[in-house]
Amino acid sequence: MVSRFLASIALGAVVLATPAIAKKKQLSVKPDTPPMQYAVDTSLNDDPDNILLLDLSNGGRVAIRLMPQWAPHHVERIKELARQGFYDGVKVHRVIPGCMAQGGCPQGTGMGGSSKPDLKAEFNAEPHVRGVCSMARTSAPHSANSQFFICFDEI
């Protein structure tokens, strides 16, 4: 299953995205940006059921390799919401240049989520480095729902 949904800027899911540098309300890839250091293999052909394609409003595309071995319930939630069209047209509501971009809030405020129950935390030892995507949550450990972020640098 390869899912597609519209977004206004590079979004992340649970693990890895293709190289992109985000600026508020637009996608910009800087020519002097160093090559992406990937946390996992970036081939899109070996596990198509765990590739999420984000078609951007500017015509660009971000491919995210979902890693169910790292966070099985979070990956399943992202896939379920994407299949239902939950993320269609959702904008990134928070960008911290040089750090990350966050999306997945249907209201675009960062305060919302899906109608599904929050997920129990699935923390792992994988570092949050450039290109890694992760579920967003409040300070409560079991509060991830639909929001996620993509790292532009180590956090």
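Residues numbered from 1 in each chain as written. Predicted model: local features only at pLDDT ≥ 70, side-chain atom pairs only at ≥ 80, totals over all residues. Heavy atoms only, no water.

1. Some points on the overall build of the protein
Here's step 1: Of the regular secondary structure elements, the protein holds 1 helix and 10 strands.
Here's step 2: Secondary structure elements in the protein, listed N-terminal to C-terminal, are β-β-β-β-β-β-α-β-β-β-β.
Here's step 3: Burial status across the protein gives 47% buried among its 155 residues.
Here's step 4: Counting only contacts in the protein whose residues sit at least 6 apart along the sequence, the fraction spanning at least 24 positions is 63%.
Here's step 5: Carbon and sulfur atoms make up 52% of the accessible area of the protein, which amounts to about 7,900 Å² in all. (Helix = DSSP H or I, 4+ residues; strand = E, 2+ residues; numbered from the N terminus. Buried < 20%, exposed > 50% of the residue type's maximum accessible area, 1.4 Å probe, protein only. Contact = heavy atoms within 4.5 Å. Areas by Shrake-Rupley, 256 points an atom, 1.4 Å probe, with all protein chains shown as cover.)

2. Some thoughts on the state of the cysteines
Here's step 1: Enumeration over the complete set of coordinates arrives at 0 disulfides.
Here's step 2: This cysteine, Cys133, is not joined by any disulfide, and Cys151 carries the nearest cysteine sulfur, 7.1 Å off.
Here's step 3: Judged by its relative accessible area of 0%, Cys133 is buried.
Here's step 4: Note on Cys151: no disulfide assigned, nearest cysteine sulfur contributed by Cys99 at a separation of 7.1 Å.
Here's step 5: Since its relative accessible area comes to 2%, Cys151 is described here as buried. (Disulfide = S-S within 2.5 Å.)

3. Comments concerning the pairing of strand β8 (residues 100-103)
Here's step 1: Every second residue of β8 is oriented toward a common face, with Met100 and Gln102 on one face and Ala101 and Gly103 on the other, all of them buried.
Here's step 2: Connecting strand β7 (residues 94-96) to the antiparallel partner β8 that follows it, the hairpin turn spans 3 residues, and Gly98 within it adopts a positive phi of roughly 75°.
Here's step 3: In this sheet, strand β10 (residues 148-151) lies alongside β8 in antiparallel orientation, the contact comprising 4 bridges. Residue pairing across strands places Ala101 opposite Ile150, the latter belonging to β10. (Pairing = 2+ DSSP bridges.)

4. Considerations on the confidence of the model for the protein
Here's step 1: Chain-level statistics for the protein give a pLDDT mean of 74 and a share of 72% at 70 or above.
Here's step 2: Averaged over each element, pLDDT in the protein is lowest for strand β3 (residues 21-23) (30) and highest for helix α1 (residues 72-83) (93).
Here's step 3: Low pLDDT, under 50, characterises residues 1-40; the predicted model gives this stretch 148 contacts beyond four residues in sequence or across chains. (pLDDT = per-residue confidence, 0-100.)

5. Here we look at α1
Here's step 1: Here α1 spans 17 Å end to end across 12 residues, near enough to the 16 Å set by a 1.5 Å rise per residue.
Here's step 2: Considered for burial, the residues of α1 that qualify are His74, Val75, Arg77, Ile78, Lys79, Leu81 and Ala82.
Here's step 3: Backbone geometry just downstream of α1 places Gly85 in the positive-phi region, at approximately 80°. (Expected span 1.5 Å × (residues − 1).)

6. What about the nonpolar core?
Here's step 1: Core analysis: the largest hydrophobic core is formed by 15 residues, its most contacted members being Leu52, Ile64, Leu66, Ile78, Tyr87 and Met135.
Here's step 2: Of all the secondary structure elements, the ones that give two or more residues to this core are β5 (51-56), β6 (61-65) and α1.
Here's step 3: In terms of residue count, the dominant contributor to this core is α1 (4 residues). (Core = buried A, V, L, I, M, F, W, Y, C linked by side-chain atoms within 4.5 Å.)

7. Notes on the sheet that holds strand β9 (residues 133-135)
Here's step 1: Taken together, the 4 strands give an open sheet; going across it, the order is β7-β8-β10-β9, and neighbouring strands pair in antiparallel fashion. Either end of the sheet is taken by a strand with one partner, and the two such strands are β7 and β9. Across the sheet, the mean angle separating the axes of adjacent strands is 15° when strand polarity is ignored. (Axes fitted to C-alpha atoms, helices over the stretch in contact; angles between N-to-C directions.)

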